[in-house]
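# Coordinate inspection notes
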Amino acid sequence: MLFDLNGRVALVTGGNGGIGLGIARGLAQAGAVVAIVGRDAAKSNAALAELRQSGAVAEAFTADLVDQTAVVAMVRAVAERFGGIDILVANAGTNMRRRPEDYTMEQWDAIVGTNLGSVFACCQAVYPLMKQRGGGKIITIGSMTSIFGFSLGAPYGASKGAVVQLTKSLACAWAADKIQANCILPGFIDTALTRQARRDVGDLEQRVLDRTPAGRWGTPDDVAGAAVFFASAASDFVTGTALPVDGGYSSFMA
Ligand code: NDP
């Protein structure tokens, strides 16, 4: 069955909330066993309870993904718990809105380290496990800022643009190992991250509505379908792509 994930083990970073939890729900519905990762154990436990309540086989792991040693230990723990890893959704990310001239280098490092460095570390850590299984699926998360400039998010946009290029390089390097790597570019999705953005930028709510042909903000569950596609055999000849899931935002010239 093209979209069947029964027997697959999925690791979703940032799976304890927002888009990551939406993706975890979708992968679990398609049959995957799901490991979610975050820093906030209470949030992870609540997400885990929700996933299990809906019938998922799931486990939560705590790690700060900017620490490569913690990434390696977490990946080992997931593989030990479930016997391997078939799908990585490198979703964890962060932002801080400032004009470019106002960021400190510490803030730059924190944003780029989370959105790009941790993605690379997770991909590197799962690679030998996927190779050993005879293949795998890597899904990274870009953004509309992978395509467009964002005057209040220079490090965020730089990291999200780079994630697309990183994904292409991994797709090329690991194709012979039957590992496909693809990137999802979410439009504006209602999560904790964008609720903060709407507090910081007064007219953001309406500007997004005006600019989105679908006429609404997305929900975390809107992103799950693309993730199931990229996680399943349906995408076995699809690699190195970046797919907008944006209600038409990136197709619309306002
Ligand atoms: P949230 O803030 O709701 O979720 C971010 C997640 O990342 C949390 O689960 C958080 O877990 C985890 N996380 C952040 N930093 C770390 C870290 N150092 N170590 C481990 N986990 C970490 O945001 P969204 O769901 O909105 O965002 C998810 C992804 O989607 C991000 O990459 C974001 O850039 C991207 N995105 C979001 C869009 C949107 O409109 N919402 C649009 C485009 C892209 P914890 O709190 O436990 O640390």
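For the structure itself, consult the block above.
In this report, the structure presented in the accompanying data block is examined. (Residues numbered from 1 in each chain as written. Predicted model: local features only at pLDDT ≥ 70, side-chain atom pairs only at ≥ 80, totals over all residues. Heavy atoms only, no water.)

It is worth spelling out the overall build of the protein at this point. A tally of regular secondary structure across the protein gives eight helices and seven strands. By its C-alpha atoms, the protein is 45 × 40 × 40 Å across when sized along the principal axes. Looking at the protein as a whole, 52% of its 254 residues qualify as buried. In the protein, of all internal contacts separated by at least 6 residues, the share reaching a separation of at least 24 is 72%. Carbon and sulfur atoms form 55% of the exposed surface of the protein, whose accessible area is close to 11500 Å². Of the charged side chains in the protein, 22 are positive and 22 negative; the average position of the first set lies 3 Å away from that of the second. (Helix = DSSP H or I, 4+ residues; strand = E, 2+ residues; numbered from the N terminus. Buried < 20%, exposed > 50% of the residue type's maximum accessible area, 1.4 Å probe, protein only. Contact = heavy atoms within 4.5 Å. Areas by Shrake-Rupley, 256 points an atom, 1.4 Å probe, with all protein chains shown as cover. Lys, Arg positive; Asp, Glu negative; His and termini not counted. Charge placed at Lys NZ, Arg CZ, Asp CG, Glu CD.)

Right, let's get into helix 8 (residues 224-231). Summarising burial for helix 8: six of the eight residues are buried, a large majority. Restricting attention to buried positions, one finds in helix 8 the residues A224, A226, A227, V228, F230 and A231. Those residues of helix 8 hidden inside the fold are in contact with helix 1 (18-29), strand 4 (87-90), strand 5 (136-141), strand 6 (179-186) and strand 7 (242-245).

Now for the sheet that holds strand 3 (residues 58-62). Read from one edge of the open sheet, seven strands run 3-2-1-4-5-6-7, paired in parallel fashion. Of all strands in the sheet, those with a lone pairing partner are strand 3 and strand 7, marking the two edges. Neighbour-to-neighbour, the strand axes of this sheet turn through a mean angle of 20 degrees, independent of strand direction. Of the pairings in the sheet, the one linking strand 1 (residues 9-13) to strand 2 (residues 33-38) comprises five bridges and is parallel in character. Looking at strand 2, one finds that T13 is bridged to V37. (Pairing = 2+ DSSP bridges. Axes fitted to C-alpha atoms, helices over the stretch in contact; angles between N-to-C directions.)

With that settled, consider the nonpolar core. One finds L11, M74, V75 and L88 to be the most contacted residues of the largest nonpolar core, which totals 35 residues. Of all the secondary-structure elements, those providing two or more residues to this core are strand 1, strand 2, helix 3 (68-82), strand 4, helix 4 (105-133), helix 5 (154-174) and strand 6. Those residues within four positions of M74 in sequence are excluded, and the remaining contacts are L11, V37, F61, A63 and L65. Grouped together as the second largest cluster of nonpolar side chains are 31 residues, L21, L48, L51 and V245 included. (Core = buried A, V, L, I, M, F, W, Y, C linked by side-chain atoms within 4.5 Å.)

Here the structure, examined in full by the defined rule, presents six aromatic pairs. Ring centres of F229 and F230 lie 5.3 Å apart, and the angle between their planes is 40 degrees; this geometry places the pair in the tilted category. On the accessibility criterion, F229 (25% relative accessible area) is partly exposed. According to the relative accessible area criterion, F230 is buried, its value standing at 2%. (Phe/Tyr/Trp six-rings, centres within 6.5 Å; stacked < 30°, edge-to-face > 60°.)

Attention now moves to the site of the ligand. Contacts to the ligand come from 28 residues, most closely from N16, R39, K43, Y156 and T191. Contact between the ligand and I19: an oxygen atom at 2.8 Å from a main-chain N or O atom of the residue. At 2.7 Å from an oxygen atom of the ligand is found a main-chain nitrogen or oxygen belonging to N91. Contact with the protein chains covers 93% of the free accessible surface of the ligand, which is 880 Å². (Near = heavy atom within 4 Å. Polar contact = N/O pair within 3.5 Å; in protein donor to acceptor, adjacent residues only side chain to side chain.)

In terms of burial, strand 2 is a largely internal element, six of the six residues being buried. Side chains V33, A35 and V37 project from strand 2 onto one buried face, and the interleaved V34, I36 and G38 project onto a second face that is buried too. Running through helix 1, the crossover from strand 1 to the neighbouring parallel element strand 2 is right-handed. Tracing the backbone out of strand 2, into helix 2 (residues 41-53) and back to the parallel element strand 3 gives a crossover that is right-handed. (Right-handed = clockwise from strand over helix to strand, strands pointing away.)

Spanning 15 residues, helix 3 covers 21 Å between terminal C-alpha atoms, matching the ideal 21 Å at 1.5 Å per step. If you check which residues of helix 3 are buried, you get A70, V71, M74, V75, V78, A79 and F82. Axial view of helix 3: buried residues confined to an arc of 165 degrees, hence all on one face. Exposed residues pointing more than 90 degrees away from the buried face of helix 3 are listed as T69 and E80. Elements that come into contact with the buried residues of helix 3 comprise strand 1, strand 2, strand 3 and helix 4. Here helix 3 starts with a cap whose side-chain oxygen sits 3.0 Å from the backbone nitrogen of T69, and that cap is D67. Where helix 3 terminates, the next one or two residues include G83, which has phi positive at roughly 90 degrees. (Expected span 1.5 Å × (residues − 1). Arc of directions from axis to C-beta.)

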